[in-house]
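What follows is the residue order along each chain.
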Amino acid sequence: MEGGGATAPAAPPPAPHPAVAPLAFLLGKWRGEGEGSFPTISPFRYGEELLFSHHPSKPVISYTQRTWKAASGEPMHAESGYWRPRPDGSVEVVISQSTGLAEVQKGSFDAEKKTVTLQSELVGNASKVKQITRAFQLVDGELSYVVQMATITTSLQPHLKALLKKI
Ligand code: HEM
């Protein structure tokens, strides 16, 4: 008989929905630092937390992001949305940004290489932004990404780069 008061070991997390399984490498909470730049602005450093979560009954990943000034901790940009992977290796992502900008992104993932590449199909309610691309890659257990944008004055080029660890 087990000793009195012993707690049962925690049950393993349920398997993700089959549609989400190829992107399971994203699931969880990530934290790290990034660098922002663009030809029209001064470069800056930021801290960031990403959360990718899901329910096993739904073929969708919920996504939230928040960032803060590296020096002071003061909040910066935040965004949230939903990632919908498809069995054919394509993925559709909707994101709403704290600036009011709305994005629909389409792209593809590679479950073996642990990469996701997204390109905006729609950028709404934006005064300057014409196009946004996002590329994620898991390397040695760390999640890195590059966000590029094109604006009314500037061609597509990097705005954000970050490296995050699972926490
Ligand atoms: C500037 C868009 C994410 C921080 C800008 C500008 C645009 C923009 C259009 C002005 C560029 C210009 O005037 O030529 C976006 C988009 C994002 C994004 C579309 C996501 C896809 C972020 C994030 C941060 C950030 C995550 C902070 C961690 C800044 C800063 C500036 C800036 C500090 C320069 C100062 C300013 O103009 O407010 N961004 N941004 N941005 N962005 Fe972003």
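Above this text is the structure in question.
Every value quoted in this text rests on a predicted model; they were computed, and no experiment measured them. (Residues numbered from 1 in each chain as written. Predicted model: local features only at pLDDT ≥ 70, side-chain atom pairs only at ≥ 80, totals over all residues. Heavy atoms only, no water.)

Considering the overall build of the protein
Thinking step 1. Across its full length, the protein holds zero helices and ten strands.
Thinking step 2. For the protein, the N- to C-terminal ordering of α and β elements is β-β-β-β-β-β-β-β-β-β.
Thinking step 3. Dimensions of the protein, computed from the C-alpha atoms along their principal axes, are close to 70 × 40 × 30 Å.
Thinking step 4. Sorting the 167 residues of the protein into buried and exposed places 35% on the buried side.
Thinking step 5. Looking at charge distribution, the protein has the averaged site of its 17 positive side-chain charges lying 4 Å from that of its 15 negative ones. (Helix = DSSP H or I, 4+ residues; strand = E, 2+ residues; numbered from the N terminus. Buried < 20%, exposed > 50% of the residue type's maximum accessible area, 1.4 Å probe, protein only. Lys, Arg positive; Asp, Glu negative; His and termini not counted. Charge placed at Lys NZ, Arg CZ, Asp CG, Glu CD.)

Thoughts on the nonpolar core
Thinking step 1. The biggest cluster of nonpolar side chains holds 31 residues, and the ones touching the most others in it are Phe52, Trp83, Val116 and Leu143.
Thinking step 2. Elements with a minimum of two residues in this core: β2 (44-53), β3 (61-69), β5 (90-97), β7 (115-124), β8 (129-139), β9 (142-151) and β10 (157-166).
Thinking step 3. Setting aside its immediate chain neighbours within four residues, tryptophan 83 contacts Leu26, Phe52, Pro59, Val60, Ile61, Tyr63, Val91, Glu92, Val93, Val116, Leu118 and Phe136. (Core = buried A, V, L, I, M, F, W, Y, C linked by side-chain atoms within 4.5 Å. Contact = heavy atoms within 4.5 Å.)

Points about the packing of aromatic side chains
Thinking step 1. On inspection of all chains with the given rule, the structure shows six aromatic pairs.
Thinking step 2. Taken together, a centroid distance of 5.2 Å and an interplanar angle of 85° make the contact between phenylalanine 52 and tryptophan 83 edge-to-face. One end of the pair, phenylalanine 52, is in strand β2; the other, tryptophan 83, is in strand β4 (residues 75-85), with 31 residues separating them in the sequence. Comparing phenylalanine 52 with tryptophan 83 shows no difference in burial state: the two are buried.
Thinking step 3. Their ring planes at 75° and their centres at 5.3 Å tell us that tryptophan 83 and phenylalanine 136 sit as a pair that is edge-to-face. Placement of tryptophan 83 in strand β4 and of phenylalanine 136 in strand β8 is noted, with a sequence separation of 53 residues between them.
Thinking step 4. On the basis of relative accessible area, tryptophan 83 is assigned to the buried category, the value being 0%. (Phe/Tyr/Trp six-rings, centres within 6.5 Å; stacked < 30°, edge-to-face > 60°.)

Section: the sheet that holds β4
Thinking step 1. Ordered by their spatial adjacency, ten strands build a closed barrel running β1-β2-β3-β4-β5-β6-β7-β8-β9-β10, and the pairing between neighbours is antiparallel. Strand-to-strand twist in this sheet, taken as the mean axis angle between neighbours without regard to direction, amounts to 25°.
Thinking step 2. Bridge count for strand β1 (residues 28-36) against β10 is seven bridges, and the pairing is antiparallel. By the bridge assignment, glycine 32 is partnered in β10 with leucine 164. (Pairing = 2+ DSSP bridges. Axes fitted to C-alpha atoms, helices over the stretch in contact; angles between N-to-C directions.)

Comments concerning the coordination of the iron atom of the ligand
Perfect tetrahedral coordination of a metal by four donors corresponds to 109.5 degrees between them, and perfect octahedral coordination by six donors corresponds to 90 or 180 degrees.
Thinking step 1. Exactly one protein atom donates to the iron atom of the ligand; that atom is His159 (NE2), 2.2 Å from the metal.
Thinking step 2. Positionally, histidine 159 belongs in strand β10. (Donors = N, O, S within 2.8 Å, 3.2 Å for Na, K, Ca; no water.)

A word on the side chain of histidine 159
Thinking step 1. We classify histidine 159 as buried; its relative accessible area is 18%.
Thinking step 2. With sequence-adjacent residues up to four places away left out, histidine 159 is seen in contact with Glu35, Gly36, Ser37, Phe38, Ile41, Phe44, Val147, Gln148 and Met149.

Coordinates in, geometry out; function isn't part of it.
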